Amino acid sequence: MSTTHPALRRAGLGTVLAAAAVLAAAGAASAHVTVHPGSYAKGATDGVLSFRVPNEEDTASTTEVQVFLPTDHPVLGVLVHPQDGWTAKVTTTKLKTPVKTDDGTITEAVSEITWTGGKIGAGQYEDFDVAFGRLPDDAAQLAFKTLQTYSDGRTVRWIEEAEAGADEPENPAPVLKLTAAGAAAAADDGDSTSDAASKSADGGDGASGAQGTGSGTVQVTEADAGDSTARGLGAAGLAVGVLGLAAAGFAVVRTRSARS
């Protein structure tokens, strides 16, 4: 009875392990906390930001979400949308540089929002909606550092900001791009069309491939509507290719072994 050469067995095992690592990385990439829409016009008024928080743990639930708003380029007129099962605590901070508006000078702004009391289970995500009165017009983007706490006591810190030309960090903070008015208007038109199609297909849910649970939490079934899923799919495709090469390698080894 023929046997497979040990070196070939080790090579095949290494290929499979490498593929598994790529698949794990793909899963992590799709679990980022993100802000939607991804861009607004500089100085935009009367809009809504939605912070999407997916649960990346199989054995623990998300029980607390803290979003930190920038105070060097403050978001004015912040209002928190009521969230079923969750209690929001809003913290304001005195601004180092007051902001002049048509309604007067603003000296304080919201610096932190903490949601507690609810639960995001495995395979689920939740959108936390925040309305604003006005976005800053003197910044290219806003980073909203976020802490996600689980029922087992672990906290994931989504606070890293990518540097220009560098790869995305492991735990990136949600980032809102601030664009010129014309570019933002075009992007908004595209987002509106996409959102309308999604809501029509899902019966008004607005999350493709997801089912509502009645408490504001969404159960992910086939696809997460978050932007970061695309990155995960790319990595997953690479993993499939690696697994295919591994399978082909094993087939060749078995054929050679049978002939010997």
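Heads up: these notes are all about the structure in this document. Everything quoted here is computed from the prediction, not taken from an experiment.

### Side note on the environment of E64
Structurally, the position occupied by E64 is in strand β4 (residues 62-68). Here the alpha-carbon distance between E64 and T149, two residues 85 residues apart in the chain, equals 5.1 Å. Not counting chain neighbours up to four residues away, the residues in contact with E64 comprise W86, T114, W115, T116, L147, Q148 and T149.

### Focus on the sheet that holds strand β12 (residues 175-179)
The strand order across the open sheet formed by three strands is β2-β12-β9, and the pairing between neighbours is mixed. Strands with a single pairing partner mark the edges of an open sheet, and in this sheet they are β2 (39-41) and β9 (141-143). Strand-to-strand twist of the sheet, defined as the mean angle between neighbouring strand axes without regard to direction, takes the value 25 degrees. In this sheet, β12 lies alongside β2 in parallel orientation, the contact comprising three bridges.

### Overview of the nonpolar core
In terms of nonpolar packing, the biggest core is built from 31 residues, with L135, F144 and L176 touching the most fellow members. Of all elements in the fold, only β2, β3 (45-54), β4, β7 (104-120), β8 (124-134), β11 (155-158) and β12 reach the threshold of two or more residues within this core. Setting aside chain neighbours within four positions, we find L135 in contact with Y40, A41, G43, A44, V75, L142, L176 and L178.

### Digging into the pairing of β7
The pairing of β4 with β7 spans six bridges and is antiparallel. When the bridges of β7 are listed, Q66 appears paired with T114. Between strand β6 (residues 87-101) and β7, which pair antiparallel one after the other, the connecting turn spans two residues.

### Brief notes about the pattern of salt bridges
In total, this model carries three salt bridges according to the counting rule given. For D127, the salt bridge goes to R52, with nearest N and O atoms at 2.7 Å. Highlighted residues: D127 in strand β8 and R52 in strand β3, separated in sequence by 75 residues. Note that E56 and R154 form a salt bridge whose closest N and O atoms lie 3.6 Å from each other. Of this pair, E56 sits in the loop between β3 and β4 while R154 sits in the loop between β10 (146-150) and β11, and the two are 98 residues apart along the sequence.

### Some details on unusual backbone geometry
The linkage connecting H36 with the following residue, P37, adopts the cis geometry, with an omega of -5 degrees. For P37, the position within the fold is in the loop between β1 (34-36) and β2. The residue D46 is not glycine, and still its phi comes out positive at about 50 degrees. Inspection of the secondary structure assignment puts D46 in strand β3.

### A word on the environment of R157
Looking at where R157 falls in the secondary structure, it is placed in strand β11. R157 sits twelve residues away from K145 along the chain, and the two C-alpha atoms are 7.8 Å apart. Not counting residues up to four positions away in its chain, the partners in contact with R157 are T146, L147 and N171.

### Points about the packing of aromatic side chains
Inspection of the entire model under this criterion finds four aromatic pairs. For the ring pair W115 and F128, a centre distance of 4.7 Å and an interplane angle of 40 degrees mean the geometry is tilted. Of this pair, W115 sits in strand β7 while F128 sits in strand β8, placing them 13 residues apart in sequence. Across the pair, exposure class does not vary: W115 and F128 are buried alike. Put simply, the rings of W86, W115 and F128 touch in pairs and so form one group of aromatic residues.

So, how was this worked out
Residues numbered from 1 in each chain as written. Predicted model: local features only at pLDDT ≥ 70, side-chain atom pairs only at ≥ 80, totals over all residues. Heavy atoms only, no water. Helix = DSSP H or I, 4+ residues; strand = E, 2+ residues; numbered from the N terminus. Contact = heavy atoms within 4.5 Å. Pairing = 2+ DSSP bridges. Axes fitted to C-alpha atoms, helices over the stretch in contact; angles between N-to-C directions. Core = buried A, V, L, I, M, F, W, Y, C linked by side-chain atoms within 4.5 Å. Buried < 20%, exposed > 50% of the residue type's maximum accessible area, 1.4 Å probe, protein only. Salt bridge = Lys/Arg side-chain N within 4 Å of Asp/Glu carboxyl O. Phe/Tyr/Trp six-rings, centres within 6.5 Å; stacked < 30°, edge-to-face > 60°.

Any link to function would need more than the numbers given here.
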